Amino acid sequence: MLTFSSEQQQFRDSLRRMLAADYSFERRREIAASARGWSAATWRQLAELGVLALTLPEAHGGLGGGAMDAYVVMEEAGRALLLEPWLPTVLMGAGVIARAGSADQCAAILPAVGAGERQLALAHYEPGARYALDAVSSEARRDEGGWVISGAKTYVLNGAGADQLIVSARTAKGLSLFLAERVAPGITVRDYPMYDARRAAEVRFDGVRVGPGALLGEEGGAAPHLAATIDAAIAALCADAVGAMSVLLEMTGQYLKTRKQFGVPIGSFQVLQHRMADMLLETETARSMALLAAHGVGQPDPGERARLVSAAKVRVGEAARFVGQQAVQLHGGIGVTDELAVSHYFKRLTMFEIAFGDSDHHLESVGKHLFD
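An account of the accompanying structure is given in this report. The residue numbers shown here count from 1 along each chain, following its written sequence. Predicted model: local features are reported for residues with pLDDT of at least 70 only, side-chain atom pairs are reported and counted for 80 or more only, and whole-chain, interface and lining totals are derived from all residues. Note: side-chain values were computed over all heavy atoms of the structure, leaving out hydrogens and water.

## A closer look at the overall build of the protein
Step number 1: Within the protein, the secondary structure is distributed over 11 helices and 10 strands.
Step number 2: Relative to its length of 372 residues, the protein is compact, with a C-alpha radius of gyration of 21 Å against a globular reference of 21 Å.
Step number 3: Along the first, second and third principal axes, the C-alpha set of the protein runs to 80 × 50 × 40 Å.
Step number 4: Taking all 372 residues of the protein together, 54% fall into the buried category.
Step number 5: In the protein, 36 positive and 42 negative side-chain charges are present, and the distance between their average locations comes to 4 Å. Elements are defined by DSSP. Helices are runs of H or I of four residues or more, strands are runs of E of two residues or more, and each kind is numbered from the N terminus. Throughout, the radius of gyration refers to the C-alpha atoms, and the reference size of a globule is 2.2 Å times the residue count to the power 0.38. A 1.4 Å probe rolled over the protein chains alone gives each residue an accessible area, and that area as a share of the maximum for its type sets the label: buried under 20%, exposed over 50%, partly exposed in between. As used throughout, the charge tally considers Lys and Arg to be positive and Asp and Glu to be negative, leaving His and the chain termini uncounted. Every charge is mapped onto a representative atom, which is NZ of Lys, CZ of Arg, CG of Asp or CD of Glu.

## Observations regarding the nonpolar core
Step number 1: Joining through side-chain atoms within 4.5 Å is the link that ties buried Ala, Val, Leu, Ile, Met, Phe, Trp, Tyr and Cys residues into a set, and such a set is a nonpolar core. Counting 100 residues, the largest nonpolar core has Trp86, Leu87, Ile97, Met245 and Phe356 as the members making the most contacts within it.
Step number 2: It is helix α7 (residues 222–258) that provides the largest number of residues to this core, a total of 20 residues.
Step number 3: When checking whether two residues touch, look at their non-hydrogen atoms; a contact exists if any pair is within 4.5 Å. Among residues more than four places away in sequence, those in contact with Ile97 are Cys106, Ile109, Leu110, Leu120, Ile166, Leu179 and Leu216.
Step number 4: Of all hydrophobic cores here, the second largest spans 21 residues; its members include Trp147, Ala169, Phe178 and Val203.

## Describing the side chain of Thr229
Step number 1: If you trace the backbone, Thr229 turns up in helix α7.
Step number 2: Under the relative-accessibility criterion, Thr229 is labelled buried at 0%.
Step number 3: In this structure Thr229 touches Leu91, Met92, Gly95, Val96, Arg99 and Leu122, once residues within four positions along its chain are discounted.

## Details of the pattern of salt bridges
Step number 1: What makes a salt bridge here is a side-chain nitrogen of Lys or Arg within 4 Å of a carboxyl oxygen of Asp or Glu, nothing more. Using the criterion set out here, one finds 25 salt bridges in the structure.
Step number 2: Of the charged contacts, one joins Asp338 and Arg29 as a salt bridge, the two residues approaching to 2.5 Å between their closest N and O atoms. Taken as a pair, Asp338 in the loop between α9 (302–331) and α10 (341–354) and Arg29 in helix α2 (residues 25–33) lie far apart in primary sequence, 309 residues in all.
Step number 3: For the salt bridge of Glu219 with Arg142, the shortest nitrogen-to-oxygen distance reads 2.9 Å. Of this pair, Glu219 sits in the loop between β8 (215–216) and α7 while Arg142 is found in strand β2 (residues 139–143), placing the two residues 77 residues apart along the sequence.
Step number 4: Exposure remark for Arg142: the relative accessible area of 57% places this residue in the exposed category.

## Things to note about the packing of aromatic side chains
Remark: the centre distance and the inter-plane angle together describe each pair of aromatic rings, the angle taken between the planes.
Step number 1: Pairing of aromatic rings covers Phe, Tyr and Trp, the last counted by its six-membered ring, and requires centre-to-centre distances within 6.5 Å; plane angles under 30 degrees mean stacked, over 60 mean edge-to-face, and any other angle means tilted. Under the counting rule described, the total for this entry stands at six aromatic pairs.
Step number 2: Feature note: the residues Tyr125, Tyr155 and Phe356 constitute an aromatic cluster, connected by ring pairs.
Step number 3: Here Lys347 stacks its cationic end above the ring of Tyr195, 5.6 Å away from the centre of that ring. By definition, being over a ring means that NZ of Lys or CZ of Arg is both within 6 Å of the ring centre and within 35 degrees of the ring normal.

## What about the environment of Glu202?
Step number 1: Assignment of secondary structure puts Glu202 in strand β7 (residues 199–210).
Step number 2: Here Glu202 falls in the partly exposed class, since its relative accessible area comes to 34%.
Step number 3: The sequence separation of Glu202 and Leu349 amounts to 147 residues, and the corresponding C-alpha distance is 23 Å.
Step number 4: With near-sequence residues (within four places) excluded, Glu202 lies in contact with Lys153, Thr154, Thr188, Val189, Arg190 and Tyr192.

## So, the pairing of strand β4 (residues 164–171)
Step number 1: Among the eight residues that make up β4, seven are buried, leaving the element largely enclosed by the rest of the structure.
Step number 2: The criterion for strand pairing is that DSSP finds at least two bridges linking the strands in question. Pairing analysis gives eight bridges linking β4 to strand β5 (residues 174–181), with the strands arranged antiparallel. Following the sheet pairing, Gln164 is matched in β5 by Glu181.
Step number 3: Between β4 and the antiparallel strand that follows it, β5, lie two residues.

## Let's talk about the packing of helix α8 (residues 270–297) against α9
Step number 1: For the pair α8 and α9, the least separation of the axes is 8 Å and the interaxial angle reads 155°. The angle between α8 and α9 places the two elements in the roughly antiparallel class. The two elements α8 and α9 meet at a crossing, and its hand is left-handed.
Step number 2: When grouped by side-chain class, the residues that make up the contact of α8 with α9 number 19 nonpolar, five polar and six charged. Axis geometry follows a simple rule: fit a line to the C-alpha atoms, using only the stretch in contact for helices, then measure angles between N-to-C directions, giving values from 0 to 180 degrees. Roughly parallel means an angle under 35 degrees; roughly antiparallel means over 145; roughly perpendicular covers 65 to 115; every other angle is labelled oblique. The handedness criterion is simple: a crossing whose near helix is rotated anticlockwise from the far helix by less than a right angle is left-handed, and one whose near helix is rotated clockwise is right-handed. Put simply, Ala, Val, Leu, Ile, Met, Phe, Trp, Tyr, Cys and Pro go in the nonpolar bin, Asp, Glu, Lys and Arg in the charged bin, and everything else, Gly too, in the polar bin.

## Points about the side chain of Ser310
Step number 1: Along the chain, Ser310 turns up in helix α9.
Step number 2: Those residues within four positions of Ser310 in sequence are excluded, and the remaining contacts are His362, Ser365 and Val366.

## Considerations on unusual backbone geometry
The bulk of non-glycine residues show a negative phi, and the bulk of peptide bonds are trans.
Step number 1: Even without glycine at this site, Leu81 takes up a positive phi of about 55°.
Step number 2: Mapped onto the secondary structure, Leu81 falls in the loop between α4 (67–80) and α5 (86–100).
Step number 3: You can call Leu81 buried: its relative accessible area is 1%.

## Overview of α10
Step number 1: Judged by how many residues are buried, α10 sits mostly within the fold: 10 of 14 residues are covered.
Step number 2: Every buried residue of α10 is listed here: Ala341, Val342, Ser343, His344, Tyr345, Arg348, Leu349, Met351, Phe352 and Glu353.
Step number 3: Positive phi shows up at Phe356, right after α10, with a value of about 60°.

## What to know about the packing of α4 against α8
Step number 1: Close contact between α4 and α8 brings their axes to 8 Å; oriented N to C, the two are set at 140°. Between α4 and α8, the angle falls in the class oblique. Crossing angle aside, the handedness with which α4 passes α8 is right-handed. Where α4 abuts α8, its residues Ala67, Met68, Tyr71 and Glu75 lie against Arg287, Ala290, Leu291, Ala294 and Val297.
Step number 2: Of the residues in the contact of α4 with α8, the class split is seven nonpolar, no polar and two charged.

Shown next, in the form of structure tokens:
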């Protein structure tokens, strides 16, 4: 049985109280409209609470948490529609450094991440590559003791806000990872807001020179680290979606109790009660699958890990679509207005479907790992 420890429950309560006090819906709208797209003040609060250090290795100033701890953070992030880049910086950026980096690289970067002093972004996906992890045409060649990187990346979460980029590129020995300062000469970043107000970027590398110490891990050894990092990100997004669905369920239930028609609350209509019951069933099914994904992240067999995570992505995606659509429909015309939080939760759940692979992609992945 997958359950949370008392420490995880206490951490969840502390994070929820912080977000309830300082991250209202109106405050989030202000943050989303800002040039940066996230709040430096909230980022400091997350650091002080230990959220940024939670999943980092203890040897480098972290708390040594695992996938279930990440689940706690991301479910609360989904409930609050958090815009701050915890996923790209801590889980993905710091996660891949912890997996692939040397002791010196980890010591130089991870403590600063945990303290809220450094942000990261993983620049891996490329235009036209869809969701294939090995579809990388960017290149890195040795030059005067260092490396020269050229290529283009898309869907770089937190690409404009990161202090440092982790870029995948092909070398003579295969797919490799490199560290590059975001402001390095030759790097061009085009920032844009996504449908749900979170930020991503397109990044170009035009002959970007980095030193010999920029190679992250072994040359040609990036593939397993990238796969593990993306699987962890998908599992975390499943938790985020569960948090968003939970709030939509609460909001919709409250609305049905107060909205009246023919002199009675519409929540008294049996057909709407049935629809609420279906929303609850889908939300709880999604929660179970998201917990399974979090458990799957720790599987030693990469194939089994990918199968569990892909299965969860498909099922949580189905639930997210159903709950989001039902919430909007049951609120009527106001359900799609920008002034109502329901529409923002709907956008968050809509983006979940295409993040790191849509349902078709992950159904194919499940089949592959079942029959290979």
